[in-house]
Amino acid sequence: MLTLLEQIDKGTLWRIPGGIHPPEHKTLSNQSKISRLPLADHYLVPVPGVGENCTLAVKVGDTVAKGQPLTLGEGFRHLPVHAPVSGKVVAIEERASNHASALPVLTCVIENDHQEQWIESVHVPLSLEQVAEMDNDAIIRRIQSAGIAGLGGAAFPTHIKLKPVSEIELLIINGVECEPYITSDDKLMQESSDEIVRGIEIVHQLLSPKRIIVAIEDNKPEAIEQMGHALNRSQLPSHCARVSKIPTLYPSGGEKQLIQILTGQEVPSGAIPANLGILVQNVGTAYSIAQAVYRNMPLIERVVTLTGQNIAKPGNYWVPIGTPVEHLLEVGQFRGDANAPVIIGGPMMGYMLPNVAAPITKGTNCVLMPSEQEVAPPSPEQPCIRCGECAQACPAQLLPQQLFWHAKAQEYDKAASYNLRDCIECGCCSYVCPSDIPLVEYYRVAKSALRQEAEEKKQAELAKQRFDSRTLRLEQEKQAREEKAKQAAERRKAQMTGSDKDAVAAAMARIQAKKAAEAQASAGATTEQPQDKVAAAIARAKAKKAAQKASSETETETSEQPASQVMGADNSESAAMSQKDKVAAAIARAKAKKAAQDTSDTTETSQAPAQQGAETAPLSQKEKVAAAIARAKAKKAAQAGSNEQQTATVEHSDEPIERSDEPVEPSENQSASTDNVEGTEKADAAAAKKAKIAAAIAKAKAKKAQQEAEASDEPDVMTPAEDIEANSPEAIKKAKIAAAVAKAKAKKALQAGSGDEPKAEVVTDKETAKAATLQAEANDDAEANSPEAIKKTKIAAAVAKAKAKKAAQASASDEQLAPSESQTDIEDFADTSSPEAIKKAKIAAAVAKAKAKKQAKAQAETPNNEHKD
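Residues numbered from 1 in each chain as written. Predicted model: local features only at pLDDT ≥ 70, side-chain atom pairs only at ≥ 80, totals over all residues. Heavy atoms only, no water.

A look at the overall build of the protein
For step 1, the next point in the chain: Counting its regular elements, the protein contains 29 helices and 16 strands.
For step 2, the next point in the chain: Contacts spanning at least 24 positions in sequence make up 77% of the contacts within the protein whose residues lie at least 6 apart.
For step 3, the next point in the chain: Total accessible area computed for the protein in this model is approximately 46400 Å², and 53% of it derives from carbon and sulfur atoms. (Helix = DSSP H or I, 4+ residues; strand = E, 2+ residues; numbered from the N terminus. Contact = heavy atoms within 4.5 Å. Areas by Shrake-Rupley, 256 points an atom, 1.4 Å probe, with all protein chains shown as cover.)

What follows is the structure in structure tokens.
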């Protein structure tokens, strides 16, 4: 059995499935030689790879030479773009692309200066020996720097294709050119066969294939002859290269179809010919390889077929890359109207160009301008009749009907499952469809959607890889930092002495203690009731306000009101004391007694001498409150007695007392009475001095007890022991005696002021006290257990204590000092923040009023005595 190479040497050919025989129409353009057209004024060179694998090498305003690179890139997949003419870069902007969609693409606009100034790197052709001495990498670099791509229509980078991963046994040079109307390859083989063969020699030098086949369709006899002669003149081995003439059939020029015709092998789905050890190159690509390697000339122009009945000068022309299509229509004398079709490529695989301002690209091999007789206007699409003609004509052995249904329903995944990617878009199915369904258009849309989806998946996968890499890097950096910190801590620990360790331990202990203290403080602050603070603040404000009001009233009454008005106001205020005030006073006494009991033993020791020198016990906080109430009661009783005696004196007198401005000489009786009064006042002054000392001691003790009470958070609640002591029979008896004595002394002071019977009043003072004592003892058993009696006795005790302080204040030399002292007491009480302090402030205000009234009364009595004398 013959091998594949032996069958190739014998010229064996295989048939392909499908295929059609459309009208060729090649004679319109192959009757003349390849020529050149006038150059355009502006050239549009697309640079779509900028930003992906390359950057711009020029900017607006730069002057460029012919063949100068416009892009720079270092990647192996980078395919540079060159200036087709010399001139100036006037714009770099988006322009319409040479595509069926005419989507804008980044384009470099060059203004032609018509100087044709070549770049210096282009040189005269090298000799065959010089090229033979070049290594493969140098040849590949020249091919890549020249920007050569597949000129058969796919425009795949040639330098990538010439560096396959597998060994190449068969090299096929494609000169079939089966598409109707196109004759560019045919004319190139006829006129430049030697250059094409030189390119084939370079590829043979790179790949070293076992066989080289130049495939040409049998409808091109001149090209077959010229290529055969060129091969005979070449340096290629005679048994290695040959020209194969294949039958005319569309699409026999397809890569996979040509391989199947020449070898009988079918390229698997999703694979490339290199997997079979086969490489296919176009004749135009081979010509460009020779130009790049021998002269270092970049790919800046190609042969383009201008054909169709709507052009006056059909033929093949060397057209620079980037020439606007509208310029070709102009110089080719286009005869169609604005609605006449302009097709890029052939009638089978080409597409209608929506914008004639688009440029010629490296893959553009034909510009077709047919008339209405050549290409009928598109017919309306009809429903599929399921005739199966499309399946019979498909050269790739696909199911076009199934692909159409899935593509129309946008079920692209199902279309891909029917090998949509193997479709070569030859257009045979659309050509034979009786329903005029544009099947190829549906397939192109579906392929575009699949490519976009694949690109999105690729970008998502790359993003995931970048995220995973970043996460891994951050984790490694974190571990490195932790390890570094651990090593540093171990080094410090190793270098640490015993004293340093003790210092660290002490610091840690202090930190823990501080945290514990802060925790306790926060817990205490949480348990404290904010309502108590608010209430205390309100109480302090009210006490201060009451003290200020009482002080202002005292000063006003002392300075402005007459003596009679002061006495009347005093009687009315004393009478206005309600039961509620008495109860408040009793509560204040109980709290004061508790505060007094909490004082130290030193305070009790210092209190004993004061008790011996005064008529009553030293004043504790409790007793001070009670004394204030007692003073108010005593003043009220004194004023009542004075009013009664003044009434009696007026009734028993024969003549009314007349006042005059002249001084009156006192009588003997009056003098004697005055002496007695002065003696009594001296005795009272001595007692008052002692009482003043005792009051000062009591005030100091009371302040000390108050401070201790404020320092403790215990509530001022009277204990049962204190309640029993306050309500004992002995205490009640003492309180009654003290009340009787206070009443007697008040009456004595009243009689001394009137001046009628001073001696009798002095005696009566002692007798009244004694009678009051007996009466208190007689009523003790009957009223001891009565709540009303207990309350009265407590008030009486307070009156007795107030009497001593009153006497001391009356004998003071500076009579104006009392109001200020009283006001000071009021302010002292107002500064406290407890409800007890508020009550103390009220009592102090009452004391201040009583003192002021007493002074006013003494001043009023002094003029009366002088008149009487």
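Right, picking up where we left off after that structure.
Quick word on the side chain of N112
For step 1, the next point in the chain: Relative to the helices and strands, N112 resides in strand 7 (residues 104-112).
For step 2, the next point in the chain: Within the local environment of N112, its side chain forms a polar contact with the backbone oxygen of A40, the two atoms lying 3.2 Å apart.
For step 3, the next point in the chain: Every residue in contact with N112, bar those within four places of it in the chain, is listed here: L39, A40, D41, Y43, V85 and S86. (Polar contact = N/O pair within 3.5 Å; in protein donor to acceptor, adjacent residues only side chain to side chain.)

Some words on the pairing of strand 9 (residues 211-217)
For step 1, the next point in the chain: In terms of burial, strand 9 is largely enclosed, as 7 of its 7 residues are buried.
For step 2, the next point in the chain: Because side chains alternate across strand 9, one face comprises the buried residues R211, I213, A215 and E217, and the other comprises I212, V214 and I216, equally buried.
For step 3, the next point in the chain: Here strand 8 (residues 170-175) runs beside strand 9; their pairing, made up of 6 bridges, is parallel. Looking across to strand 9, one finds that I173 is bridged to V214.
For step 4, the next point in the chain: The pairing of strand 9 with strand 10 (residues 241-246) spans 6 bridges and is parallel. Its bridge partner lying in strand 10, E217 is registered against I246.
For step 5, the next point in the chain: In this fold, strand 9 hands off to helix 7 (residues 221-233), which returns the chain to strand 10; that crossover is right-handed. (Buried < 20%, exposed > 50% of the residue type's maximum accessible area, 1.4 Å probe, protein only. Pairing = 2+ DSSP bridges. Right-handed = clockwise from strand over helix to strand, strands pointing away.)

What about helix 7?
Helical geometry: 3.6 residues make up each α-helical turn, so side chains three or four residues apart lie on a common side.
For step 1, the next point in the chain: The first and last C-alpha atoms of helix 7 sit 19 Å apart over 13 residues, in line with the 18 Å expected at 1.5 Å per residue.
For step 2, the next point in the chain: Within helix 7, the full set of buried residues consists of A223, I224, M227, G228, A230 and L231. All buried residues of helix 7 project into a common sector of 165° when viewed along the axis, lining one side. Opposite the packed face of helix 7, turned more than 90 degrees from it, sit the exposed residues P221 and N232.
For step 3, the next point in the chain: Check the buried side of helix 7 and you find it contacts helix 5 (184-191), helix 6 (193-207), strand 9 and strand 10. (Expected span 1.5 Å × (residues − 1). Arc of directions from axis to C-beta.)

Comments concerning the sheet that holds strand 4 (residues 63-64)
For step 1, the next point in the chain: If you trace the 4 strands from one edge of the open sheet to the other, you get 2-7-6-4, paired in antiparallel fashion. Sheet topology places strand 2 (42-46) and strand 4 at the edges, where each strand pairs with a single neighbour.
For step 2, the next point in the chain: Note that strand 2 and strand 7 share 5 bridges and pair antiparallel. When the sheet's bridge partners are listed, P46 is paired in strand 7 with T107.

Details of the packing of aromatic side chains
For step 1, the next point in the chain: Inspection of the entire model under this criterion finds 2 aromatic pairs.
For step 2, the next point in the chain: Ring centres of Y287 and W318 lie 5.6 Å apart, and the angle between their planes is 35°; this geometry places the pair in the tilted category. Remark: W318 occurs in strand 13 (residues 315-320) and Y287 occurs in helix 9 (residues 283-295); sequence separation between them is 31 residues. W318 carries the same exposure label as Y287, and that label is buried.
For step 3, the next point in the chain: Relative to Y442, the ring of F404 has its centre 5.0 Å away and its plane inclined at 80°; by these criteria the two rings are edge-to-face. Here the residue F404 occupies a position in helix 12 (residues 400-408), and Y442 occupies one in helix 15 (residues 439-495), the gap between them amounting to 38 residues. (Phe/Tyr/Trp six-rings, centres within 6.5 Å; stacked < 30°, edge-to-face > 60°.)

Re the pattern of salt bridges
For step 1, the next point in the chain: A complete count under the given rule lists 17 salt bridges for this structure.
For step 2, the next point in the chain: Notably, a salt bridge pairs R211 with D9, separated by 2.9 Å at the nearest N-O pair. Here R211, found in strand 9, pairs with D9, found in helix 1 (residues 4-9); they are 202 residues apart in sequence, far enough to count as distant.
For step 3, the next point in the chain: For R444, the salt bridge identified is with E441, shortest N-O distance 3.4 Å. On the criterion of helical spacing, the pair formed by R444 and E441 is a turn pair, its members being 3 residues apart in helix 15. (Salt bridge = Lys/Arg side-chain N within 4 Å of Asp/Glu carboxyl O.)

Some details on the state of the cysteines
For step 1, the next point in the chain: Enumeration over the complete set of coordinates arrives at 0 disulfides.
For step 2, the next point in the chain: Distance from the sulfur of C178, which forms no disulfide, to the nearest cysteine sulfur (C428) is 8.7 Å.
For step 3, the next point in the chain: Overall, the relative accessible area of 15% leaves C178 in the buried class. (Disulfide = S-S within 2.5 Å.)

Observations regarding a nonpolar patch on the surface
For step 1, the next point in the chain: A cluster of nonpolar side chains, V504, M508 and I511, forms an exposed patch at the surface whose accessible area comes to about 260 Å².
For step 2, the next point in the chain: Here M508 shows up in helix 16 (residues 498-527). (Patch = residues over 30% accessible without salt bridge, like charges linked within 9 Å, V, L, I, M, F, W, Y side chains within 5 Å.)

Concerning the sheet that holds strand 11 (residues 278-282)
For step 1, the next point in the chain: If you walk across this open sheet you meet the 4 strands as 10-9-8-11, and the pairing is parallel. Since the sheet does not close on itself, it has two edges, and those belong to strand 10 and strand 11, each with one partner. Within the sheet, the average angular offset between the axes of one strand and its neighbour, ignoring direction, is 25°.
For step 2, the next point in the chain: As defined by bridge partners, strand 8 adjoins strand 11 across 5 bridges and the pair is classed as parallel. Each residue of the ladder has a partner; that of I173, found in strand 11, is Q281.
For step 3, the next point in the chain: This element, helix 9, spans strand 8 and strand 11 of the sheet and lies at about 80° to strand 11. (Axes fitted to C-alpha atoms, helices over the stretch in contact; angles between N-to-C directions.)

Considerations on the packing of helix 6 against helix 7
For step 1, the next point in the chain: It is the contact of helix 6 with helix 7, at a shortest axis distance of 9 Å, that shows an interaxial angle of 50°. As judged from the angle between their axes, helix 6 and helix 7 are oblique. Two packed elements cross with a definite hand, and for helix 6 against helix 7 that hand is right-handed. Between helix 6, through S193, D194, I196 and V197, and helix 7, the contact on the second element is made entirely by Q226, M227, A230, L231 and R233. (Parallel < 35°, antiparallel > 145°, perpendicular 65-115°, else oblique. Left-handed = near helix turned anticlockwise from the far one by under 90°.)

Some remarks on the side chain of N98
For step 1, the next point in the chain: Mapped onto the elements, N98 comes out in the loop between strand 6 (87-96) and strand 7.
For step 2, the next point in the chain: Classification of N98 by relative accessible area gives buried; the value is 12%.
For step 3, the next point in the chain: Among the polar contacts made by the side chain of N98, one reaches the main-chain carbonyl oxygen of P359 at a distance of 2.8 Å.
For step 4, the next point in the chain: Ignoring any residue separated from it by four or fewer positions in sequence, one finds N98 in contact with I344, Y351, L353, A358, P359, I360, T361 and T364.

What to know about the nonpolar core
One broad trend across soluble globular proteins is that nonpolar side chains are buried collectively.
For step 1, the next point in the chain: Counting residues in each nonpolar core, the largest one holds 47 residues, and the members touching the most others are L162, I196 and I200.
For step 2, the next point in the chain: Elements with a minimum of two residues in this core: helix 3 (136-145), strand 8, helix 5, helix 6, strand 9, helix 7 and helix 9.
For step 3, the next point in the chain: Ranked by the residues each element gives to this core, the list is headed by helix 9, at 8 residues.
For step 4, the next point in the chain: With residues up to four places along the chain from it excluded, the contact list for I200 reads L171, I173, I212, V214, L236 and A286.
For step 5, the next point in the chain: In this structure, Y250, I261, V267 and M348 belong to the second largest nonpolar core, which totals 23 residues. (Core = buried A, V, L, I, M, F, W, Y, C linked by side-chain atoms within 4.5 Å.)

Here we look at unusual backbone geometry
A negative phi angle is the norm for most residues apart from glycine, just as the trans form is the norm for most peptide bonds.
For step 1, the next point in the chain: At the junction of Y250 and P251, the peptide bond is cis and its omega measures out at 5° in the coordinates.
For step 2, the next point in the chain: The residue P251 is located in the loop between strand 10 and helix 8 (255-263) in this model.
For step 3, the next point in the chain: In this structure, Y181 is a non-glycine residue whose phi angle is positive, near 75°.
For step 4, the next point in the chain: Summarising the element assignment, Y181 is placed in the loop between strand 8 and helix 5.

Here we look at a negative patch on the surface
For step 1, the next point in the chain: A contiguous patch of negative charge, built from E475, E482, E483 and E490, is present on the exposed surface.
For step 2, the next point in the chain: Judged by relative accessible area, E475 falls into the partly exposed class, the value being 40%. (Lys, Arg positive; Asp, Glu negative; His and termini not counted. Charge placed at Lys NZ, Arg CZ, Asp CG, Glu CD.)

Here's the deal with helix 3
For step 1, the next point in the chain: Every buried residue of helix 3 is listed here: A138, I139, I140, R142, I143 and Q144.
For step 2, the next point in the chain: Looking at the buried residues of helix 3, the elements they touch are helix 4 (158-161), helix 6 and helix 9.

Quick notes on the confidence of the model for the protein
For step 1, the next point in the chain: For the protein, per-residue confidence averages 77 on the pLDDT scale, and residues scoring 70 or more make up 65% of the total.
For step 2, the next point in the chain: Of the regions scoring below 50 in pLDDT, residues 558-577 engages in 26 contacts with residues more than four places distant in sequence or in other chains.
For step 3, the next point in the chain: Note that residues 863-869 has pLDDT below 50 and, in this model, 13 contacts with residues that lie over four places away or in other chains. (pLDDT = per-residue confidence, 0-100.)

Examining the packing of helix 5 against helix 9
For step 1, the next point in the chain: At a closest axis distance of 9 Å, the pairing of helix 5 and helix 9 adopts a crossing angle of 45°. Here helix 9 runs oblique to helix 5, going by the angle between their axes. Contacts between helix 5 and helix 9 pair D185, L188 and M189 from the former with V283, G284 and Y287 from the latter.

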